[in-house]
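Working through the structure, step by step
Each chain is listed here by its residues.
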Amino acid sequence: MAATDETGPAGQNTTVPGTPPPAGLPADPAPGTGARMPRWLPRAMVLALALIAVFQLGSWAFHQLTGLLINVLIAFFLALAVEPAVSWMAARGVRRGLGTFLVVGGVLVVGAGFVTLLGSMLAEQIIKIVEDFPQYLDSVINWINTHFHTELRRVDIQENLLRSDWLRNYVQNSATGVLDVSAQVLGGLFRLLTIGLFSFYFAADGPRLRRALCSVLPPARQAEVLRAWEIAVNKTGGYLYSRGLMALISGLAHYVLLEFLDVPYAPVLAVWVGLVSQFIPTIGTYLAGALPMLIAFTVAPWYAVWVLVFVVVYQQFENYVLQPKLTARTVDIHPAVAFGSVIAGTALLGAVGALIAIPAVATLQAFLGAYVKRYDVTDDPRVLGHRGSGGAGAFGRRVRGVWAQRRPEDDGAGPAASGTGTAGAGATGSGAPGASGPGEGGTAGAP
């Protein structure tokens, strides 16, 4: 039994030490050895995890600092806008810090005075509307009773309005939203302060900023950076010039209308319409037209309708006629490119993107234009806007020639006339190959 057990399957698989294993069987690994992890794999895993962590941290930081970056971008373009005035004062012996303070302070004083005057006018008109509201309501009720044969009374309408759930819910929501409005106002003031400080530093320390930027670049790149900076200043100034010119035209047009309708505070309202409609993109037109309509309503309800019609008509004229031409001339870009850049800027950064899209695109276009090689264009009629020899004129001449050849047959001419035409055609065709062709053609055509 012991010998039988040794010759079994277990015994057959055993080998004598020192002899190679049989064919088809794997060799036993050496004692203490096995499949090990490559040395580069732990380092690669740590590096991949570190890159993922850095990417997540950068993405989080970017989203958290988006508001600050947008404020810095706005401040940079504002600094470019005041750069010509500050440089002009610095060239005449005024320190850049003082010159920047005078320019920015002057803009803030004018803006604060305009807002104060506009606020006092608006408050006065709101008080007048509240005082005259019962009279307007009575006139509307009388009109409804006269035309629709109803028996409405102002007292009943007021009682129903005061007891309605809609008014109660509105008051409650307004009370709870006071804190939100206050927080938004404080946030807006802090944002304006941030933009103002960055704009002041960018404009006052413009030469120092350019020097610091050029100090880390080779001389060839320094010239390119300075050229790009100068182009940005010119294009931003041209854009603001175009906007200011359109604001002036818009203000004058609306001033004429408001004076014709005898609407009070016509000059202030005209300035409001001009500034808001041009420097607040997307919703500026609606905000600009709402206030004149409200003031005109206090004079006569139909005056508000006339103001609305005029605002809509003038806006179409400005969008399709005035704005493309002025914008294309001042910032030197095509009207279609200007319109597309505004749409793209709005999609990327909202109202801020719409405001700075045109000067940014104009700056980029002017800067890249120096690196695009251009060639002289040939005087081809297709380039000049005319049709060439293969155009409609040549086609018309061929049709008239064919009609002139076919006309004798259509008129019932005899065989002689037909033969003459054929011979003439042969003379024309045979005259092409050589010098003797025309003589032969003439002889053939004589009989």
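Let me sum up the structure you'll find in this document.

Reading guide: rules and limits
- Residues numbered from 1 in each chain as written.
- Predicted model: local features only at pLDDT ≥ 70, side-chain atom pairs only at ≥ 80, totals over all residues.
- Heavy atoms only, no water.
- Helix = DSSP H or I, 4+ residues; strand = E, 2+ residues; numbered from the N terminus.
- Buried < 20%, exposed > 50% of the residue type's maximum accessible area, 1.4 Å probe, protein only.
- Contact = heavy atoms within 4.5 Å.
- Areas by Shrake-Rupley, 256 points an atom, 1.4 Å probe, with all protein chains shown as cover.
- Salt bridge = Lys/Arg side-chain N within 4 Å of Asp/Glu carboxyl O.
- Core = buried A, V, L, I, M, F, W, Y, C linked by side-chain atoms within 4.5 Å.
- Polar contact = N/O pair within 3.5 Å; in protein donor to acceptor, adjacent residues only side chain to side chain.
- Bend = angle between axes of the 7 residues up to and from the residue.
- Patch = residues over 30% accessible without salt bridge, like charges linked within 9 Å, V, L, I, M, F, W, Y side chains within 5 Å.
- Phe/Tyr/Trp six-rings, centres within 6.5 Å; stacked < 30°, edge-to-face > 60°.

1. With respect to the overall build of the protein chain
Counting its regular elements, the protein chain contains 19 helices and zero strands. Evaluated residue by residue, the protein chain yields a buried proportion of 24% over its 447 residues. Here the analysis covers contacts within the protein chain between residues at least 6 apart in sequence; of these, 62% occur between residues at least 24 apart. Of the roughly 31200 Å² of accessible surface on the protein chain, 68% is carried by carbon and sulfur atoms.

2. Some points on the environment of Ala90
Along the chain, the position of Ala90 falls in helix 4 (residues 66-91). A relative accessible area of 29% means that Ala90 is categorised as partly exposed. Spatially, the C-alpha atom of Ala90 lies 9.4 Å from that of Thr100, the residues being ten residues apart in sequence.

3. A look at the pattern of salt bridges
Opposite charge on two side chains permits pairing when their charged atoms draw close. Throughout the structure, instances matching the rule amount to three salt bridges. Glu83 serves as the salt-bridge partner of Arg210, at 3.8 Å between the closest nitrogen and oxygen. Residue Arg210 is found in helix 9 (residues 206-214), and its partner Glu83 is found in helix 4; the two are separated by 127 residues along the sequence. Accessibility assignment for this pair places Arg210 and Glu83 in one class, buried. In this structure, Arg221 engages Glu224 in a salt bridge whose closest nitrogen and oxygen atoms are separated by 3.1 Å. With Arg221 and Glu224 both in helix 10 (residues 219-260), this residue pair falls three residues apart, about one helical turn. Accessibility expressed as a relative area gives 47% for Arg221, which makes it partly exposed.

4. Examining the nonpolar core
Ranked by internal contacts, the top residues of the largest apolar core, which has 19 residues, are Leu118, Val263, Leu269, Trp272, Leu291 and Val307. Mapped onto this core, the elements with two or more residues apiece are helix 5 (96-148), helix 10, helix 11 (266-279), helix 12 (284-299) and helix 13 (301-331). With six residues, helix 11 is the largest single contributor of residues to this core. Those residues in contact with Leu269 that sit more than four places away from it in its chain are Met121, Leu258, Val263, Pro264, Leu291, Pro292 and Ile295.

5. Examining the side chain of Glu83
On the basis of relative accessibility, which here comes to 7%, the residue Glu83 falls in the buried class. Within the structure, the side chain of Glu83 is placed 3.3 Å from the side chain of Arg96, a separation counted as a polar contact. Discounting residues that sit within four places of it in the chain, Glu83 has contacts with Arg96, Ala203, Arg210 and Val233.

6. Structural notes on helix 5
Remark: the principal bend of helix 5, roughly 50 degrees, maps to Asp132, with a proline, Pro134, within the next four residues. Following helix 5 by one or two positions, His149 has its phi on the positive side, about 55 degrees.

7. Things to note about a nonpolar patch on the surface
A contiguous nonpolar patch, built from Trp302, Val305, Trp306, Val309 and Val313 and spanning about 580 Å² of accessible area, is present on the exposed surface. For Val305, the location among the structural elements is in helix 13.

8. Considerations on the packing of aromatic side chains
Counted under the stated rule, the structure contains eight aromatic pairs. Considering the side-chain rings of Phe200 and Tyr201, the 6.0 Å spacing of their centres and the 65 degrees angle between planes classify their relative orientation as edge-to-face. The partly exposed category is assigned to Tyr201, whose relative accessible area is 48%. Consider the rings of Phe310 and Tyr314, whose centres lie 6.3 Å apart with planes at 15 degrees: the pair is stacked. Taken as a pair, Phe310 and Tyr314 lie in helix 13 at a separation of four residues, close to a single helical turn. Taking relative accessible area as the criterion, Phe310 reaches 25% and is therefore assigned partly exposed. A relative accessible area of 9% places Tyr314 in the buried class. An aromatic cluster is built from Phe76, Phe77, Phe198, Phe202 and Trp229, whose rings are joined through pairwise contacts.

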